[in-house]
Structure formats: C-alpha cells, structure tokens
Amino acid sequence: MKLVVGLGNPGTRYERTRHNLGFRVIDTLAGRWQIDATRQKFSAWVGFGTIANKQVILFKPATFMNLSGQAVQAAMAFYKLTPEQLLVVMDDLDLPVGRIRVRSSGSSGGHRGLENIIQMLGSEAIARVRIGIGGPGRDAVDHVLSVFSPEDEAVVDAAIGRAADAVESWLTAGVATTMNKFNRSERPGDGGASEKSDEGV
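All of these numbers come straight from a predicted model, not from anything done at the bench.

A. A look at the layout of surface pockets. Empty space within the largest pocket amounts to approximately 490 Å³. Every element with two or more residues in the lining of the largest pocket is listed here: β5 (86-92), α3 (112-121), β7 (127-132) and α4 (140-144). Residue composition of the lining of the largest pocket, by class: nine nonpolar, eight polar and seven charged. If you add up the space inside the second largest pocket, you get close to 190 Å³. Residue contributions to the lining of the second largest pocket peak at three residues, all from helix α1 (residues 21-32). Of the residues belonging to the lining of the second largest pocket, the class tally is three nonpolar, four polar and five charged.

Here it is as structure tokens:
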C-alpha cells in the first residue's frame, strides 16, 4: 500500500490559492480513478482505492499546512508504512508556474508542510512531486496564499494533470523512472531542456 499526500490548507477561503495545488492533484486522481476521498480519518480527508492496479491511500490533511505532519504520521503509524511508501504532492515557489519536478529526498526547501512531515517522521527520504507557483517578488506568505491570474490558471490546470500523471508513474514505475520522465522543462519557450535529477540535493 502507498500513501499519496496532497498538501494544502482547509476551507473554501484557500481552495484556489497557490498553496493548495497538492489538494487539487488529489482531487484529480480521485476523479480519474473513482475514489471517494472525502472520508474523515487521522485529521484528514482520506480515500482508499486502486490506481493502476496499486493499492493507494489518497490523503489531504485537514490541519493547516504547518501541522501536516501530524496527520501523515498518524496514518503511517496505523498502516505501518515506511517513508519509501509515501509520496508528497506540493507547491513550490522556487519553480516557474506550471513546472513539474520530482525528487526522491532532500530538505523541505522552506515549505512548511513538508518541513513538518520531515520533522514528524524523522526522515528526509520522502519522495515528492513539486509544482511551480512562481517566485513571489513580494512577501512569500502573501504570494502562496494568493490566487493565480487567469493566464497562469490555464497553465496550472495542465500542470495539475501532469502532476497526477507523475503520481501514477511513481506508483507503477518507481521514483527514479518518474524523475527521468518528468524532470524537464515543459513551459512554452523553454525549449524542452532537461533538468538535472538532483536526488537528495
């Protein structure tokens, strides 16, 4: 069994903000695979099902972002899962809007949700799918809690679909193959140049 965690903040106020892309990816996967991800358990919204013949738990912590690790730790302890069975889907302000990047491990990069998960599990060996939301150019908190422009929203919608594809790849092919497949530029005008698979950096 694998646990796929999408990070975000609860409540309608935050639904379309940059910080909630993880939630939107979980919702996309739930729709694709007809998984009811609305059950409340472990201070989270949870869905149990099968994706590409793999047993999976779709998971959206109902705590605020900086306490995400509490819900994740509770679920992992209950199902006796290891960090290798966990994938975190999250926004990333160090990537251009819509860019997808997969990593097998590493620091939180300042992301409060991932930081709390790392702290609670005591390990940085956590695979993650990062979705670019663009650099702030202003206060980072204001930026992550803002909504996308209509132009960027179209790019983000496509990125959410690709991130869901990356989750499916991780489930079926593993993190190394998924990194090789998705860690490249996909923004218009970027020329499709490859990015380094900077595992653990």
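B. Examining the sheet that holds strand β4 (residues 54-61) more closely. Here we have seven strands laid out as an open sheet, ordered β2-β3-β4-β1-β5-β7-β6, and mixed in their pairing. Each of the sheet's edge strands pairs with one partner strand only, and the pair in question is β2 (39-41) and β6 (100-103). Strand-to-strand twist across the sheet, computed as the mean angle between neighbouring axes with direction ignored, equals 25°. The sheet contact formed by strand β3 (residues 44-51) and β4 spans eight bridges and is antiparallel. When the sheet's bridge partners are listed, threonine 50 is paired in β4 with glutamine 55. Packed on one face of the sheet, α1 meets β1 (2-6), β3, β4, β5 and β7 and runs near 145° to β4. Set on the sheet, α3 makes contact with β5 and β7; between it and β5 the angle comes to about 150°.

C. View of the packing of aromatic side chains. A complete count under the given rule lists six aromatic pairs for this structure. The interplanar angle of 80° and the centroid separation of 6.1 Å between the aromatic rings of tyrosine 14 and phenylalanine 64 together place this pair among those described as edge-to-face. Remark: phenylalanine 64 occurs in the loop between β4 and α2 (68-79) and tyrosine 14 occurs in the loop between β1 and α1; sequence separation between them is 50 residues. With a relative accessible area of 13%, tyrosine 14 lands in the buried category. Overall, phenylalanine 64 belongs to the partly exposed group, its relative accessible area being 45%. Between the aromatic rings of phenylalanine 23 and tryptophan 45, the centroid separation amounts to 6.2 Å while the plane-to-plane angle is 85°, which identifies the pairing as edge-to-face. Highlighted residues: phenylalanine 23 in helix α1 and tryptophan 45 in strand β3, separated in sequence by 22 residues. Judged by relative accessible area, phenylalanine 23 falls into the buried class, the value being 7%. Taken together, the ring pairs in this structure connect Phe42, Phe48, Phe78 and Tyr79 into an aromatic cluster.

D. Spatial organisation of the pairing of β5. Of all seven residues in β5, seven are buried; the element is thus mostly enclosed. What you see with β5 is no split at all: Leu86, Val88, Met90 and Asp92 on one side and Leu87, Val89 and Asp91 on the other are buried throughout. One ladder, built from four bridges, connects β1 with β5; its direction is parallel. Counted as the bridge partner of leucine 3 is leucine 86 from β5. Taken together, the six bridges between β5 and β7 define a ladder with parallel strand orientation. Along β7, the bridge assignment pairs leucine 87 with alanine 127.

The rules behind each value
- Residues numbered from 1 in each chain as written.
- Predicted model: local features only at pLDDT ≥ 70, side-chain atom pairs only at ≥ 80, totals over all residues.
- Heavy atoms only, no water.
- 1 Å grid on protein atoms, 1.4 Å probe; cavity = no way out; pocket = protein on both sides within 12 Å on 5 of 7 lines; lining within 4 Å.
- Points joined across faces, edges and corners; volume = space filled by probe spheres on them.
- Helix = DSSP H or I, 4+ residues; strand = E, 2+ residues; numbered from the N terminus.
- Nonpolar A, V, L, I, M, F, W, Y, C, P; charged D, E, K, R; others polar.
- Pairing = 2+ DSSP bridges.
- Axes fitted to C-alpha atoms, helices over the stretch in contact; angles between N-to-C directions.
- Contact = heavy atoms within 4.5 Å.
- Phe/Tyr/Trp six-rings, centres within 6.5 Å; stacked < 30°, edge-to-face > 60°.
- Buried < 20%, exposed > 50% of the residue type's maximum accessible area, 1.4 Å probe, protein only.

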